[in-house]
Number of protein chains: 2
Amino acid sequence: MKIREATVADFEQIWPIFHPIAAAGETYAYPRETDREQGRKLWMELPRKTFVVEEDGEILATYYIKSNQSGPGSHVCNCGYMVAPSARGRGLATAMCEHSQQVAVELGFKAMQFNFVATTNEGAVRLWQRLGFETVGRLPKAFNHPTEGLVDALVMYKWLSG
Amino acid sequence: MKIREATVADFEQIWPIFHPIAAAGETYAYPRETDREQGRKLWMELPRKTFVVEEDGEILATYYIKSNQSGPGSHVCNCGYMVAPSARGRGLATAMCEHSQQVAVELGFKAMQFNFVATTNEGAVRLWQRLGFETVGRLPKAFNHPTEGLVDALVMYKWLSG
């Protein structure tokens, strides 16, 4: 298993991971009807870099890193992580998050921010807390969950250097 | 004085308001070197709608409204407001913010969020508080102010309906 930068060709295997997660509408602020070309832009083109977790030629998980804001906010990065259902429970989200923090520091970022963690996504909230992220904000009823309705979203933040 | 939707031609008068504010780097998360074409995209093209405050054919101030997040976050809007230096102290920011809340409700938005209010921007913080916005998050050292250095940024939020 290795984590490496994604190539253009990898999207063939990234889309089957991305699409059901976006279409479910439970965790990411992407339109549920996001199509393949929009998904490619969002995950591969707009971010600063995209990575994949690969094992025996198979892509198990993927993440992106980008500036969270421009200009006076460009020292803080944002990441998104997705794991294929078949690869869950193997610690890949943890591995990717730790990898991304190192990449962030290498790219000169000083902090990492998650803008919109649905409180219903309890596994993610616990994981980010365990990895040192602090809940610095709570957005009331900001996340429209397909079955839970309007739920709060958290802003989570970690300072990465000195 | 009236508030009306901006036309394409209005950018001629919007740019001289936008440019010094972006270039100062003290309040907006825009690159300080944002050029005219990028500014036009950011203020006129990417938002859902853009408005101007006009008096005797002169544009004194401007604001945009857009979804703050896509998909499960698309019921929360975000706005940005800019006032020409010559028109400050006349309550135009208040007038625009109140106007934008009404537009937001008309467009079907349920809440309004400001993502990145520098704590150094004390006038804005006080104003949004007075207009009913609550500080729901504080991002440590997330705003790189040109003279104050790394300062905290606030996330401010107001529920608009029921």
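These remarks concern the structure in this document.

Conventions and cut-offs
- Residues numbered from 1 in each chain as written.
- Chains lettered and ligands numbered in written order.
- Predicted model: local features only at pLDDT ≥ 70, side-chain atom pairs only at ≥ 80, totals over all residues.
- Heavy atoms only, no water.
- Helix = DSSP H or I, 4+ residues; strand = E, 2+ residues; numbered from the N terminus.
- Rg over C-alpha atoms; globule rule 2.2 N^0.38 Å.
- Contact = heavy atoms within 4.5 Å.
- Areas by Shrake-Rupley, 256 points an atom, 1.4 Å probe, with all protein chains shown as cover.
- Core = buried A, V, L, I, M, F, W, Y, C linked by side-chain atoms within 4.5 Å.
- Buried < 20%, exposed > 50% of the residue type's maximum accessible area, 1.4 Å probe, protein only.
- Axes fitted to C-alpha atoms, helices over the stretch in contact; angles between N-to-C directions.
- Parallel < 35°, antiparallel > 145°, perpendicular 65-115°, else oblique.
- Nonpolar A, V, L, I, M, F, W, Y, C, P; charged D, E, K, R; others polar.
- Pairing = 2+ DSSP bridges.
- Phe/Tyr/Trp six-rings, centres within 6.5 Å; stacked < 30°, edge-to-face > 60°.

From N to C terminus, chain A includes four helices and seven strands. Each helix and strand of chain A, placed in order from N terminus to C terminus, yields the pattern β-α-α-β-β-β-α-β-α-β-β. Its C-alpha radius of gyration of 15 Å places chain A within 12% of the 15 Å reference for a compact globule of 162 residues. For chain A, the C-alpha atoms occupy an extent of roughly 40 × 40 × 30 Å along the three principal directions. Here the contacts in chain A between residues at least 6 apart in sequence split such that 60% fall between residues at least 24 apart. Summed over all atoms, the accessible surface of chain A reaches about 7400 Å², with 47% contributed by carbon and sulfur.

Turning to the nonpolar core, a few remarks are in order. Among the nonpolar cores identified, the biggest contains 47 residues, and B:W43, B:Y81, B:M112, B:F114 and B:W128 are the most heavily contacted of them. Leaving out residues up to four positions away in the same chain, B:F114 has contacts with B:N78, B:C79, B:Y81, B:W128, B:F133, B:L154, B:V155 and B:M156. Ranked by size, the runner-up nonpolar core spans 46 residues in total, among them A:Y28, A:A84, A:L127 and A:F133.

This brings us to the packing of helix 1 (residues 11–24) of chain B against helix 2 (residues 36–45) of chain B. Residues and elements named next belong to chain B. Contact pair helix 1 / helix 2: the axes reach a minimum separation of 10 Å and the direction vectors enclose 100°. What the angle tells us is that helix 1 and helix 2 run roughly perpendicular. In this structure, helix 1 contributes F11, E12, I14, W15 and F18 to the contact, and helix 2 contributes R36, G39, R40, L42, W43 and M44. Residue composition of the contact of helix 1 with helix 2, by class: seven nonpolar, one polar and three charged.

Attention now goes to the pairing of strand 4 (residues 76–83) of chain A. Residues and elements named next belong to chain A. Among the eight residues that make up strand 4, eight are buried, leaving the element largely enclosed by the rest of the structure. Where strand 3 (residues 58–67) and strand 4 come together, seven bridges link them in antiparallel fashion. The partner of T62 across the bridge, within strand 4, is M82. Here two bridges tie strand 4 to strand 5 (residues 111–118), and the two strands are oriented parallel to one another. Paired with C77 across the strands is M112, a residue of strand 5.

Moving on to the packing of aromatic side chains. Residues and elements named next belong to chain B. Applying the stated criterion to the full structure yields 30 aromatic pairs over all chains. Judged by centre distance (5.2 Å) and plane angle (35°), the ring pair of F18 and Y30 falls under tilted. Taken together, the residues span a long stretch of sequence, with F18 in helix 1 and Y30 in the loop between helix 1 and helix 2 at a distance of 12 residues. With a centroid separation of 6.1 Å and 70° between ring planes, the pair formed by Y28 and W43 is classed as edge-to-face. Residue Y28 is found in the loop between helix 1 and helix 2, and its partner W43 is found in helix 2; the two are separated by 15 residues along the sequence. By the burial criterion, Y28 is buried, and W43 matches it.

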